[in-house]
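Summary of the model geometry
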Amino acid sequence: MSPPRHRPLPQSDPLRPPGARPLAGGPLWFDRLAEHRSGAAPRLVAVGAVPAAALALLTAPRPALCGLSLDRPRIMAVLNVTPDSFSDGGLHLRPEDALARARALVDAGADILDVGGESTRPGAEPVPEDEEIRRVAPVIAALRAAGVATPISVDTRKAAVAAAAFAAGADVWNDVSALAYDPASLALAAASGRPVVLMHAQGDPRTMQDAPAYDDVLLDVADFLAARIAAAEAAGVPRARILVDPGIGFGKTVAHNLALVRGLALLHGLGCPILFGASRKRFIGAIGGAPAPASRGPGSLAVALEALRQGAQVIRVHDVAETRQAISLWEALNAPA
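Residues numbered from 1 in each chain as written. Predicted model: local features only at pLDDT ≥ 70, side-chain atom pairs only at ≥ 80, totals over all residues. Heavy atoms only, no water.

Considerations on the sheet that holds strand S5 (residues 43-46)
The antiparallel open sheet is built from three strands, whose spatial order is S1-S4-S5. Each end of this open sheet is capped by a strand with a single partner; those strands are strand S1 (5-8) and S5. Geometrically, the sheet is characterised by an average inter-axis angle of 40 degrees between neighbouring strands, direction not taken into account. Where strand S4 (residues 32-36) and S5 come together, four bridges link them in antiparallel fashion. Opposite Leu33, over in S5, you have Val45 as the bridge partner. With respect to the sheet, helix H6 (residues 217-235) is in contact with S1 and S4, its orientation differing from that of S1 by roughly 110 degrees. (Pairing = 2+ DSSP bridges. Helix = DSSP H or I, 4+ residues; strand = E, 2+ residues; numbered from the N terminus. Axes fitted to C-alpha atoms, helices over the stretch in contact; angles between N-to-C directions. Contact = heavy atoms within 4.5 Å.)

Listed below in structure tokens is the structure:
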């Protein structure tokens, strides 16, 4: 039987009891945890019942991301340069349109710009490598030439695209395949010296929503990410340069997505910052009665605030101004007294 995983139960109240521990070096704390074992119901345990090594991973401050401290929430803004992304496909294909959009996102409060040239929505077809490079590299180069200093991540599964993006000025690699799609990815990630986002996905975008199934979605996702962290470390990528993403909507039903959101704090036990991206996803529309992606802003904010309550460090969103306002209020309400 695999060892248990521990999910801290985060709190923000200024009345902090003796023995409470900081959650990932941020403003939240915990003094109880849920212990999860495969095939068994979670049980409540005290801090003292958790092995010291596991507790160290849960409490250690997370390293800065491109100079951005992660002791407060950060916003990653979506900038798709694709014709077919589910929410904003076709809007920013030309570098000048992408540049205008990027400036607007930064002005609205984005901490990171996430540039993607291949849609990974359910049912999407793969984009040839050279076409994806043609989409993303000129946009990143144009942003840097225009003086945009905000950190830029490239959202791609392909090593050659990531390399071209790095050459154009990208700082972070956001890979929905957790560096598993392209055999050259692990070596490039190690050699680049750049942070990487390892995301969980079950199946290929073309078929991932056909019939997703898990034994225990929360533990299965955590185990997958732990294995990908180990693979990245073995290839020469230190844990200090790794972020993890549960992959909301990537091979998950509505019930799977809800379970991952409710149990998100379990991923702190991996010892890496958590990137959370649920913005405008289909399950929000299904629950909130919003068929059109652009109408899912309120539901996206509700889910993002729940992720913050559980200590997520980076929130990936389409609606930056609205998210920045919500985070400002959340911080004011939850800041240490």
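The rest of the description comes next.
Considering the layout of surface pockets
Computed from the structure, the second largest pocket encloses a volume of approximately 280 Å³. Forming the boundary of the second largest pocket are 15 residues, of which Pro4, Arg5, His6, Ala54 and Gly269 lie nearest the centre. Every element with two or more residues in the lining of the second largest pocket is listed here: S1, helix H1 (52-59) and H6. Each residue belonging to the lining of the second largest pocket can be placed in one class, and the counts come to 10 nonpolar, three polar and two charged. (1 Å grid on protein atoms, 1.4 Å probe; cavity = no way out; pocket = protein on both sides within 12 Å on 5 of 7 lines; lining within 4 Å. Points joined across faces, edges and corners; volume = space filled by probe spheres on them. Nonpolar A, V, L, I, M, F, W, Y, C, P; charged D, E, K, R; others polar.)

Considering the side chain of Ser300
Within the secondary structure, Ser300 sits in helix H9 (residues 297-309). By relative accessible area, Ser300 is classed as buried at 9%. (Buried < 20%, exposed > 50% of the residue type's maximum accessible area, 1.4 Å probe, protein only.)

Let's talk about the environment of Leu33
Structurally, the position occupied by Leu33 is in strand S4. With a relative accessible area of 0%, Leu33 lands in the buried category. A sequence separation of 23 residues divides Leu33 from Pro10, and the C-alpha atoms of the two residues are 8.7 Å apart. Setting aside residues up to four positions removed in sequence, Leu33 forms contacts with His6, Arg7, Pro8, Leu9, Arg43, Leu44, Val45, Ala46, Val47, Val50 and Leu58.

Examining unusual backbone geometry
In this structure, Cys66 takes a positive phi of about 55 degrees despite not being glycine. Along the polypeptide, Cys66 turns up in the loop between H1 and strand S6 (74-80). Positioned with a positive phi, Leu179 is a non-glycine residue whose angle comes to about 65 degrees. Relative to the helices and strands, Leu179 is located in the loop between strand S9 (172-175) and helix H5 (185-192).

Focus on the sheet that holds strand S10 (residues 196-199)
A sheet is described by the order of its strands in space; here eight strands give the open sequence S11-S10-S9-S8-S7-S6-S13-S12, paired in parallel fashion. Strand pairing shows two members of the sheet lacking a second neighbour, strand S11 (242-245) and strand S12 (275-276), which therefore form its edges. As paired elements, S6 and strand S13 (residues 314-317) share four bridges and run parallel to each other. Paired with Ile75 across the strands is Ile315, a residue of S13. Packed on one face of the sheet, helix H10 (residues 320-334) meets S6 and S13 and runs near 170 degrees to S6.

Notes on the nonpolar core
Formed by 75 residues in total, the largest nonpolar core has its most connected members in Leu113, Leu143, Trp173, Ile242 and Phe276. Tallying contributions element by element places H6 first for this core, with eight residues. Those residues in contact with Phe276 that sit more than four places away from it in its chain are Pro246, Ile248, Val261, Leu264, Val303, Ala307, Ala312, Val314, Ile315 and Arg316. (Core = buried A, V, L, I, M, F, W, Y, C linked by side-chain atoms within 4.5 Å.)

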